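An overview of the molecular structure
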Amino acid sequence: MLKKEAKEITGGLSNPDKMPCYAFNLPTDACIVGTMLRDVKGSTCEGCYAHLRGRYRFPIVQAALKRRLSKLHDPRWVEAMVTLIGKDQLFRWHDAGDLQSVQHLKNIFEVCNRTPDTSHWLPTREAKFLRLMDPEVVPKNLKIVLSDHMNDQRVPPSWWPYTSGVTTNHELVTCPASSQGNKCLDCRKCWDRSTKRVIYGKH
């Protein structure tokens, strides 16, 4: 499959400035848990960075997000994503948006299995999809990170091996991006399975 066709099938990839890699995003209006949390004071989704803020508010970006969402059910989606990712070393799922269904997650698993040279990172708040599976079935090149619902959450979920939190106390931050121009640079904690929890600063 040619990359031009793959872009048409999937809606194309995103290229977040912060990331050292390409990503795939969806509209925040399609977030299941996130849509509810945006109205909860003190939640990690309150003031969501990707909900009509920054570059995400531009009509061309909104159109691209909606286009990707509309393409998820195309039977060629997995093959097309594999084509676009190729042999890239890193990939991030959902710099905006989140999982839509169990089938969506299964399709991502298949993409990961077919791109073994790539380390994938998938942050999510959709715990209900993860509760249906044993963490051992997750492809070894995919790190699924369960995100806290609330800022400064003291006790992370114990039933999933990888979690992330958001803090208003910047002394507790373990993500280095805020001290290096809001970029990952050479940090790979989010993709590294030996890192069980990452704490981001509230922004």
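Nothing here was measured: the structure is a model prediction, and the numbers come from that model. (Residues numbered from 1 in each chain as written. Predicted model: local features only at pLDDT ≥ 70, side-chain atom pairs only at ≥ 80, totals over all residues. Heavy atoms only, no water.)

1. Overview of the nonpolar core
Ranked by internal contacts, the top residues of the largest apolar core, which has 40 residues, are Trp77, Trp93, Leu105, Leu142 and Ile144. Every residue in contact with Ile144, bar those within four places of it in the chain, is listed here: Leu105, Phe109, Leu122, Thr124, Leu130, Val138, Trp160 and Tyr162. Of all hydrophobic cores here, the second largest spans 6 residues; its members include Cys48, Ala50, Val61 and Leu65. (Core = buried A, V, L, I, M, F, W, Y, C linked by side-chain atoms within 4.5 Å. Buried < 20%, exposed > 50% of the residue type's maximum accessible area, 1.4 Å probe, protein only. Contact = heavy atoms within 4.5 Å.)

2. Side note on the packing of aromatic side chains
This model, assessed by the stated rule, comprises 6 aromatic pairs. Measuring from ring centre to ring centre gives 6.0 Å for Trp77 and Trp93, while their planes differ by 40 degrees; the resulting arrangement is tilted. Here the residue Trp77 occupies a position in helix H4 (residues 77-85), and Trp93 occupies one in strand E2 (residues 90-93), the gap between them amounting to 16 residues. Of the aromatic side chains, those joined through ring pairs into one cluster are Phe24, Trp77, Phe91 and Trp93. (Phe/Tyr/Trp six-rings, centres within 6.5 Å; stacked < 30°, edge-to-face > 60°. Helix = DSSP H or I, 4+ residues; strand = E, 2+ residues; numbered from the N terminus.)

3. What to know about the packing of H4 against helix H5 (residues 102-113)
At a minimum axis separation of 9 Å, H4 and H5 run at an interaxial angle of 40 degrees. Comparing their axes, H5 and H4 come out oblique. The element H4 and its partner H5 pack so that their crossing is right-handed. Residues Trp77, Val78, Met81, Val82 and Ile85 of H4 form the contact with H5, whose participating residues are Asn107, Ile108, Glu110 and Val111. Partitioned by chemical class, the residues of the contact of H4 with H5 number 7 nonpolar, 1 polar and 1 charged. (Axes fitted to C-alpha atoms, helices over the stretch in contact; angles between N-to-C directions. Parallel < 35°, antiparallel > 145°, perpendicular 65-115°, else oblique. Left-handed = near helix turned anticlockwise from the far one by under 90°. Nonpolar A, V, L, I, M, F, W, Y, C, P; charged D, E, K, R; others polar.)

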